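Spelled out, the chains give:
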Amino acid sequence: MAEQPDQNQQIVIKKVKKGHGGHHGGAWKIAFADFVTAMMAFFLLMWLLGSMGEEDLKGISEYFANPTKVTLEGGDSAGMSESLIDGGGDDLTREQGQVNAGDRPTPEKRDTQSEEKTADPTEMSEEQMLEQIEKMEREQIEDLKERLESLIEVDPALKAYKDQIKLDITRDGLRIQIIDKENRPMFELGSDEMQEYADEILHSLAPVLNEMPNRLSIEGHTDARPFGREGRSNWELSAERANSARRTLADYGYEDTKFLQVIGMADALPFVDEDPLDPQNRRISMTVMKESATRRILKPTREGGMSVEDLLENTPGSESTLPETTESSEPELEGEAEGDGEVQAP
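Predicted model, so just to flag it, every value in this text is computed and none were measured.

Draft legend 1. Summary view of the overall build of the protein chain. When helices and strands are tallied, the protein chain shows 10 helices and five strands. Burial statistics for the protein chain: of 346 residues in total, 28% are counted as buried. When contacts within the protein chain are restricted to residue pairs at least 6 apart in sequence, those whose partners lie at least 24 apart make up 62%. Carbon and sulfur atoms make up 51% of the accessible area of the protein chain, which totals about 24,100 Å².

See the structure below:
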């Protein structure tokens, strides 16, 4: 007979704990390193800001509030640079802006520039004075053209429609033309109601144009398609559209006293001569007028537009330093009118 097990015998059960069998990996170390790096950068930024003066902090704040201001108004490293470091760009030999080394003035060029700056205006003839003033006006207009071209590249509202904004320099000044495009007109058909995109363009241009002391001339143009409403023509329509552009500029801050003239040209001056019906012929043309052109319009009775004294008096940045005139030995013309300089016909 088999022996029966002892009922009181203690039974021991062993449980063997198995290991995890693998390594957790180092992902947590990378995350922790990123955190420490970010904290170090943050405290470094706080230290730098704490060590800067109030003017430097104000400058940084203004830059981020309006990044295009540096490009438009100039200043340290304000050319076409994308760097905030003085002298940034490929040419580190210059402290302001980005100018190629080839543009650095040679000693001979410096001497010439020095002579031009030190020239005595009282020793200049009237013809030389007129040339100097014309040169000054041309430089101002060219500078404005460059600023507007830069603005078109950085301003989203202008860059999206840059193929419809044309800039060129004419005898009267800087002409800015906003032209129609197929399926994207500036105005409602047969109306002076401006489309939203054209309104955005004028909104961006108004502050820059208002910085210039020059007067502004606005022209409205249409294509040769006849106006379909009785009693109205493209002459009325073009004039109304030009005036609509004037009102929009004024609404966005352009000084009303700077407007010189608002003209409706109908289809008399097409943009595309070969096709009078081309949509590009429908456009608004704004000209930032040279002072000489402004005076020629306001005082058309004077031959040549204006005198040297008038140019000096009205050209921004110039001073009236003409030599004192002596009595002319030439006899006065008979019938010369006093005051306005007009000569009556014999």
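Now that the structure has been shown, the text picks up again.
Draft legend 2. Structural view of the pairing of strand E3 (residues 216-221). A large share of E3 lies buried, amounting to six of its six residues. Burial of E3 is two-sided: the residues Leu216, Ile218 and Gly220 facing one way and the residues Ser217, Glu219 and His221 facing the other way are all buried. In terms of strand pairing, E3 meets strand E4 (residues 259-264) through five bridges, oriented parallel. Pairing of Leu216 across the sheet is with Phe259, part of E4. Of the pairings in the sheet, the one linking E3 to strand E5 (residues 283-289) comprises six bridges and is antiparallel in character. Residue pairing across strands places His221 opposite Arg283, the latter belonging to E5.

Draft legend 3. Highlighting unusual backbone geometry. The backbone of Ala266 sits at a positive phi, close to 50 degrees, despite the residue not being glycine. The topology assignment puts Ala266 in the loop between E4 and E5.

Draft legend 4. Representation of the side chain of Ser204 within the structure. Relative to the helices and strands, Ser204 resides in helix H7 (residues 196-210). Classification of Ser204 as buried rests on a relative accessible area of 15%. Among the polar contacts listed, one links the side chain of Ser204 to the side chain of Asp155, at a separation of 3.3 Å. Among all residues touching Ser204, those that are not within four sequence positions of it are Leu151, Asp155, Ala157 and Leu158.

Draft legend 5. Up close: the packing of helix H5 (residues 126-154) against H7. It is the contact of H5 with H7, at a shortest axis distance of 11 Å, that shows an interaxial angle of 150 degrees. Here H5 is positioned roughly antiparallel relative to H7, judged by the angle of their axes. The element H5 and its partner H7 pack so that their crossing is right-handed. Residues Leu144, Arg147, Leu148 and Leu151 of H5 form the contact with H7, whose participating residues are Ser204, Leu205, Val208 and Leu209.

Draft legend 6. View of the pattern of salt bridges. Scanning the entire structure with this criterion turns up 15 salt bridges. Asp163 is paired through a salt bridge with Arg184; the nearest N and O atoms lie 3.6 Å apart. Here the residue Asp163 occupies a position in the loop between helix H6 (156-159) and strand E1 (165-169), and Arg184 occupies one in the loop between strand E2 (173-179) and H7, the gap between them amounting to 21 residues. Exposure remark for Asp163: the relative accessible area of 34% places this residue in the partly exposed category. By relative accessible area, Arg184 is classed as partly exposed at 25%. Across the pair Asp168 and Arg175 runs a salt bridge whose closest N-O atoms are separated by 2.5 Å.

Draft legend 7. Structural view of the packing of aromatic side chains. Under the counting rule described, the total for this entry stands at three aromatic pairs. A ring pair is formed by Phe42 and Phe43, whose centres lie 5.5 Å apart and whose planes are at 70 degrees; its orientation type is edge-to-face. Residue Phe43 is classed as exposed on the basis of its relative accessible area of 52%. Taken together, a centroid distance of 4.8 Å and an interplanar angle of 45 degrees make the contact between Tyr161 and Tyr197 tilted. One end of the pair, Tyr161, is in the loop between H6 and E1; the other, Tyr197, is in helix H7, and 36 residues separate them in sequence.

Draft legend 8. Main features of H7. For H7, spanning 15 residues, the distance from its first C-alpha to its last is 21 Å, which sits close to the expected 21 Å at 1.5 Å a residue. Here H7 has its buried residues at Tyr197, Ala198, Ile201, Leu202, Ser204, Leu205, Ala206, Val208, Leu209 and Asn210.

Draft legend 9. Highlighting the nonpolar core. Formed by 34 residues in total, the largest nonpolar core has its most connected members in Leu148, Ile176, Ile218, Leu249 and Met286. Sorting the residues of this core by element identifies H5, E1, E2, H7, E3, helix H8 (234-251) and E5 as the ones contributing at least two each. Here this core gets eight residues from one element, more than from any other, and that element is H7. Residues within four places of Ile176 in sequence aside, it is in contact with Leu148, Ile165, Lys166, Leu167, Leu205, Leu209, Ile284, Ser285, Met286 and Val288.

Draft legend 10. Region of interest: the side chain of Gln177. Inspection of the secondary structure assignment puts Gln177 in strand E2. Engagement of the side chain of Gln177 in a polar contact is seen with the side chain of Arg283, the distance being 2.7 Å. Sequence-distant contacts of Gln177, defined by excluding residues within four places in its chain, comprise Gln164, Ile165, Lys166, Asp168, Phe271, Arg283, Ile284 and Ser285.

Parameters at a glance
- Residues numbered from 1 in each chain as written.
- Predicted model: local features only at pLDDT ≥ 70, side-chain atom pairs only at ≥ 80, totals over all residues.
- Heavy atoms only, no water.
- Helix = DSSP H or I, 4+ residues; strand = E, 2+ residues; numbered from the N terminus.
- Buried < 20%, exposed > 50% of the residue type's maximum accessible area, 1.4 Å probe, protein only.
- Contact = heavy atoms within 4.5 Å.
- Areas by Shrake-Rupley, 256 points an atom, 1.4 Å probe, with all protein chains shown as cover.
- Pairing = 2+ DSSP bridges.
- Polar contact = N/O pair within 3.5 Å; in protein donor to acceptor, adjacent residues only side chain to side chain.
- Axes fitted to C-alpha atoms, helices over the stretch in contact; angles between N-to-C directions.
- Parallel < 35°, antiparallel > 145°, perpendicular 65-115°, else oblique.
- Left-handed = near helix turned anticlockwise from the far one by under 90°.
- Salt bridge = Lys/Arg side-chain N within 4 Å of Asp/Glu carboxyl O.
- Phe/Tyr/Trp six-rings, centres within 6.5 Å; stacked < 30°, edge-to-face > 60°.
- Expected span 1.5 Å × (residues − 1).
- Core = buried A, V, L, I, M, F, W, Y, C linked by side-chain atoms within 4.5 Å.

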